[in-house]
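Coordinate analysis (summary)
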Amino acid sequence: MKLNIPNSAADLRHIADRVVDYTFGMDLTWDWPGGVAFYGVSRAFEVTGEQVYLERMADWVDEYLEAGLPRWTVNTCAMGHMLITLYEQTNDQKYLDLILSKVDYLENKALRFGDRVLQHTVSSKNDFPEQCWADTLFMAAYFMLRVGVKLKEKRLVDDALHQYFWHINYLQDEDNSLWYHGYNHINKDHMSGIHWARANAWAAYTMSRAARGVPEGYLYPPMMHIWSSLRDQLAAIKKLQKEDGLWGTVLDYPEAYGEVSATSGIAAAMIMQDNPLHAKYVRKALDGVLANISANGRVMNVSGGTAVMNDIEGYLRIDRKWAQGWGQGLGLAFLAAVIEMVESQEEGSTTQEGLNLSATKLEKEKGIEAK
């Protein structure tokens, strides 16, 4: 995929740095908003190598360990993404212990239904009996997948891909390939049946990462399910992009306001899928997202926390005034993906220029020899 954008990698790094700095000033807690936010910071670190990001994450975890950790839920397992990065970089056992504690919760204590599908939970209570939400793919399934790959634990990879398989079956609309927000296994329905944009972002982004993150993924049958699901989902979503580059908070409702966190996740997934036909949609999305990052690094126009609402009006009335951890995190995930691609293209361009100069020099030398 060739983006051909006017922004240099250096420019994008400066923008990402502002977003990271704003994120650390938000006083996020050990829950899913912080989990998504610090996942974004982790991706920014992986791409830029800025050690100060790693140091600030480590300091944040140390401070929280002293203050005391909450009980695990599906949502609090999102914090595991940052812990994976910290463990990879420091090899500190305390991070691995926390990671394994979250894995133990997901494997042995988290509520499940049907064919061992993780129930979406936001507290220690049975909040949403036998419901699966697209959010769970980011908070738990993708986390388990990363741990399984890192520790070479096939059972974790299998369980994670099992979650993807059933979430696709329950949540993807076979008529238009968009994803519903949630599914109620008791009533066998999608409740309000809304194609919420951020649900589609959770699905698209984590599927795109899973599709590249599993060694010899073709040996896992559920991976074929993921590849096809993602292909059809993005083919449908691209047609719904607004003129300003954003996607509406309800994808297939033209009057829905443009929502930046969903746009970031969807566009990042397009980069990961690396389909050249998606480049123009990514370029428009980048324009739209950059227009919604303030001078101090706040990602704007991000919808607040959203349950599976009763009707479309419920989604349209969700406030987008405040900064949100998931907006910062998905914004950073998108910027990181763009920086990776732009730097790769800049490096390729520099290499080609060097080859051209060498060829020119050789031709001149041949000319001198001929004389």
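Let me sum up the structure you'll find in this document. (Residues numbered from 1 in each chain as written. Predicted model: local features only at pLDDT ≥ 70, side-chain atom pairs only at ≥ 80, totals over all residues. Heavy atoms only, no water.)

**A closer look at the overall build of the protein**
Across its full length, the protein holds 13 helices and six strands. In terms of C-alpha radius of gyration, the protein reaches 21 Å, essentially the compact-globule figure of 21 Å for 371 residues. Counting only C-alpha atoms, the protein reaches 85 × 50 × 45 Å along its principal axes. In the protein, buried positions account for 56% of the 371 residues. In the protein, of all internal contacts separated by at least 6 residues, the share reaching a separation of at least 24 is 69%. Carbon and sulfur atoms make up 49% of the accessible area of the protein, which amounts to about 16100 Å² in all. Computed over 36 positive and 48 negative side-chain charges, the inter-centroid distance for the protein is 3 Å. (Helix = DSSP H or I, 4+ residues; strand = E, 2+ residues; numbered from the N terminus. Rg over C-alpha atoms; globule rule 2.2 N^0.38 Å. Buried < 20%, exposed > 50% of the residue type's maximum accessible area, 1.4 Å probe, protein only. Contact = heavy atoms within 4.5 Å. Areas by Shrake-Rupley, 256 points an atom, 1.4 Å probe, with all protein chains shown as cover. Lys, Arg positive; Asp, Glu negative; His and termini not counted. Charge placed at Lys NZ, Arg CZ, Asp CG, Glu CD.)

**Let's talk about helix α1 (residues 9-24)**
One full turn of an α-helix is made of 3.6 residues, so residues set three or four places apart face in the same direction. Taking 1.5 Å of rise per residue, 16 residues should cover 22 Å, and α1 covers 23 Å from first to last C-alpha, within 8% of that figure. Every buried residue belonging to α1 is among A9, L12, I15, A16, V19, V20, T23 and F24, and all of these are buried. (Expected span 1.5 Å × (residues − 1).)

**Description of a negative patch on the surface**
Together, D27, E55, D59, E63 and E66 make up a region of like negative charge exposed at the surface. With respect to the helices and strands, D59 occurs in helix α3 (residues 51-67). (Patch = residues over 30% accessible without salt bridge, like charges linked within 9 Å, V, L, I, M, F, W, Y side chains within 5 Å. Salt bridge = Lys/Arg side-chain N within 4 Å of Asp/Glu carboxyl O.)

**Concerning the pattern of salt bridges**
Considering all chains together, one arrives at twelve salt bridges under this definition. Across the pair E340 and R43 runs a salt bridge, and its minimum N-O distance is 3.0 Å. Of this pair, E340 sits in helix α13 (residues 325-370) while R43 sits in helix α2 (residues 32-48), and the two are 297 residues apart along the sequence. For E340, a relative accessible area of 37% corresponds to the partly exposed category. Judged by relative accessible area, which is 4%, R43 ranks as buried. In the salt-bridge network here, residues are joined through shared partners; they are R43, E46 and E340.

**A word on the state of the cysteines**
Counted by the stated rule, this structure contains zero disulfides. With no disulfide partner, C77 has as its closest neighbouring cysteine sulfur the one in C132, 17 Å distant. With relative accessibility at 0%, the residue C77 sits in the buried group. (Disulfide = S-S within 2.5 Å.)

**Remarks on α2**
Taking 1.5 Å of rise per residue, 17 residues should cover 24 Å, and α2 covers 24 Å from first to last C-alpha, within 8% of that figure. Here α2 lies mainly inside the structure; 16 of its 17 residues are buried. Two residues or fewer after α2 comes G49, characterised by a positive phi angle close to 75°.

**Things to note about the nonpolar core**
Judged by nonpolar contacts, the single largest core of 129 residues is most densely connected at L106, Y164 and F334. Among the elements that take part in this core, α13 stands out by supplying twelve residues, more than any other. Residues contacting F334, with those up to four places away along its chain left out, are S264, A267, A268, I271, V282, A285, L286 and V289. (Core = buried A, V, L, I, M, F, W, Y, C linked by side-chain atoms within 4.5 Å.)

**Comments concerning the packing of α2 against helix α6 (residues 135-151)**
Between α2 and α6, the least distance of the axes is 11 Å, while the angle of their chain directions is 40°. Taken together, the axis directions place α2 and α6 in an arrangement best described as oblique. Remark: the crossing between α2 and α6 carries left-handed chirality. Touching W32, V36, Y39 and E46 of α2 are F138, M139, Y142 and R146, all from α6. Considering only residue class, the contact of α2 with α6 consists of six nonpolar, no polar and two charged. (Axes fitted to C-alpha atoms, helices over the stretch in contact; angles between N-to-C directions. Parallel < 35°, antiparallel > 145°, perpendicular 65-115°, else oblique. Left-handed = near helix turned anticlockwise from the far one by under 90°. Nonpolar A, V, L, I, M, F, W, Y, C, P; charged D, E, K, R; others polar.)

**Topic: the packing of aromatic side chains**
Enumeration according to the criterion identifies 19 aromatic pairs in this entry. Here F38 and W60 contribute two aromatic rings whose centre-to-centre distance is 4.8 Å and whose plane-to-plane angle is 55°, an arrangement assigned as tilted. Taken together, the residues span a long stretch of sequence, with F38 in helix α2 and W60 in helix α3 at a distance of 22 residues. Classification of F38 by relative accessible area gives buried; the value is 2%. A centroid spacing of 5.3 Å and a plane angle of 90° characterise the contact between Y39 and F138, whose relative ring orientation is edge-to-face. (Phe/Tyr/Trp six-rings, centres within 6.5 Å; stacked < 30°, edge-to-face > 60°.)

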